[in-house]
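Structural features, examined
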Amino acid sequence: MRYLLLLQIILFQLVNTGCQNVKNGLVQVSTYNSHQEGSVQGRVSLEELKRFGNMGAGAYPRSDGLMLLINNDFYQIRENGSAAISPKSSQVSYAIIADFKPTIDYSTRKTYTLQQFQRAVNRRVSNENAFCFLYIRGHFRALTLQNRLSHQTSSSGNAEFRHISSIRRLDNVHGTFVGIRTPEYLSGISPPGYTFYFLNEARNAGGKVIDTFIINAHVRIDSEHDRFQLKLPPL
């Protein structure tokens, strides 16, 4: 009941505020459940999306890969793991964007598994209701990445959806993680828990992170957001 009330309050704010660019706010295009169920039409151009923040992640329509926004630059990561700068005229079917302003900034030379790193972040941001964006630059060992296709069209013209995962492993690489920690009360709207994405130092390869060892890293966390705004999926 508490979570339902929170959701009703969020939706009330969305209806009454629209998608304005607000300080300390998060903007999401479509819902995660809608995206998973096959709502893959382009909704918002990257040029428009950039008005809402400088960091984020999402998906391009028609299985055109992952979208990463890092320091105001948009990247497209295709199903083969290759990455490149994406034209601002491109559209996304799903995305979550933040105007990244770190509230926590530290460096570590300790080796972490991905699960150990999540627990370390939880100790620094103990409020489980806090929505966190993470920016991590460092050295990673045994990095396992997933790139997934999720859409195809049948010969009859009706959309059919299936999930096909491509798993890749990289060893001893440098690059950037974009991490998102979503509170449980937003489950269904956004994927709860942690999601990490990787882009290598050359900016030509990446994917969704499944597992890794973080050898040393510079970690920045933005954990203070007062608004969540949603562009609803198409009817």
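The coordinates are above.
The following paragraphs examine the structure supplied in this document. (Residues numbered from 1 in each chain as written. Predicted model: local features only at pLDDT ≥ 70, side-chain atom pairs only at ≥ 80, totals over all residues. Heavy atoms only, no water.)

**Focus: the sheet that holds strand 8 (residues 94–98)**
Across the sheet, which stays open at both edges, the 7 strands sit in the order 6-5-4-3-8-1-18 with mixed pairing between neighbours. The open sheet has two free edges, formed respectively by strand 6 (83–85) and strand 18 (227–231), since each of these has just one partner strand. With direction set aside, neighbouring strand axes in the sheet form an average angle of 15°. Where strand 1 (residues 25–29) meets strand 8, 4 bridges bridge the pair, whose relative direction is antiparallel. (Pairing = 2+ DSSP bridges. Helix = DSSP H or I, 4+ residues; strand = E, 2+ residues; numbered from the N terminus. Axes fitted to C-alpha atoms, helices over the stretch in contact; angles between N-to-C directions.)

**Some details on the side chain of Thr-144**
Among the secondary structure elements, Thr-144 is positioned in strand 11 (residues 132–149). The residues contacting Thr-144, other than those within four sequence positions of it, are Ile-167, Arg-168, Arg-169, Lys-208, Val-209, Ile-210 and Asp-211. (Contact = heavy atoms within 4.5 Å.)

**A closer look at helix 4 (residues 114–124)**
Restricting attention to buried positions, one finds in helix 4 the residues Leu-114, Phe-117, Gln-118, Ala-120 and Val-121. The arc enclosing the buried residues of helix 4, seen along the axis, measures out at 160°, which places them on a common side. (Buried < 20%, exposed > 50% of the residue type's maximum accessible area, 1.4 Å probe, protein only. Arc of directions from axis to C-beta.)

**Concerning a positive patch on the surface**
On the surface, a cluster of positive charge is made up of Lys-110, Arg-119, Arg-123 and Arg-124. Counting through the fold element by element, Arg-124 comes out in helix 4. Given a relative accessible area of 47%, Arg-124 falls into the partly exposed group. (Patch = residues over 30% accessible without salt bridge, like charges linked within 9 Å, V, L, I, M, F, W, Y side chains within 5 Å. Areas by Shrake-Rupley, 256 points an atom, 1.4 Å probe, with all protein chains shown as cover. Salt bridge = Lys/Arg side-chain N within 4 Å of Asp/Glu carboxyl O. Lys, Arg positive; Asp, Glu negative; His and termini not counted. Charge placed at Lys NZ, Arg CZ, Asp CG, Glu CD.)

**Description of the packing of aromatic side chains**
Scanning all chains against the criterion turns up 10 aromatic pairs. Ring centres 6.4 Å apart and planes at 20° place the aromatic pair Phe-131 and Phe-133 in the stacked group. By relative accessible area, which is 6% here, Phe-131 ends up buried. Among the aromatic residues, ring-to-ring pairing joins Tyr-112, Phe-117, Phe-140, Phe-177, Tyr-194, Phe-196 and Phe-198 into one connected group. For the cation-ring pair, Arg-141 lies above Phe-213, with the distance from its terminal atom to the ring centre recorded as 4.9 Å. (Phe/Tyr/Trp six-rings, centres within 6.5 Å; stacked < 30°, edge-to-face > 60°. Lys NZ or Arg CZ within 6 Å of the ring centre and 35° of its normal.)

**Things to note about the nonpolar core**
Counting residues in hydrophobic clusters, the biggest one holds 26 residues, and the most contacted among them are Phe-117, Ile-136, Phe-177, Phe-198 and Ile-221. Looking at this core, the elements with two or more residues in it are strand 9 (104–108), helix 4, strand 11, strand 15 (173–182), strand 16 (193–200) and strand 17 (206–222). A total of 6 residues in this core trace back to one element, the largest contributor, which is strand 11. Excluding residues within four positions of it along the chain, Ile-221 makes contact with Phe-100, Pro-102, Thr-103, Ile-104, Tyr-106, Val-121, Val-125, Cys-132, Phe-133 and Leu-134. (Core = buried A, V, L, I, M, F, W, Y, C linked by side-chain atoms within 4.5 Å.)

**Re the environment of Gly-175**
Within the element layout of this structure, Gly-175 appears in strand 15. Judged by its relative accessible area of 0%, Gly-175 is buried. In this structure the C-alpha to C-alpha distance between Gly-175 and Gly-138, which are 37 residues apart in sequence, comes to 5.9 Å. Setting aside residues up to four positions removed in sequence, Gly-175 forms contacts with Ile-136, Arg-137, Gly-138, Phe-140, Phe-198, Leu-199, Asn-200 and Glu-201.

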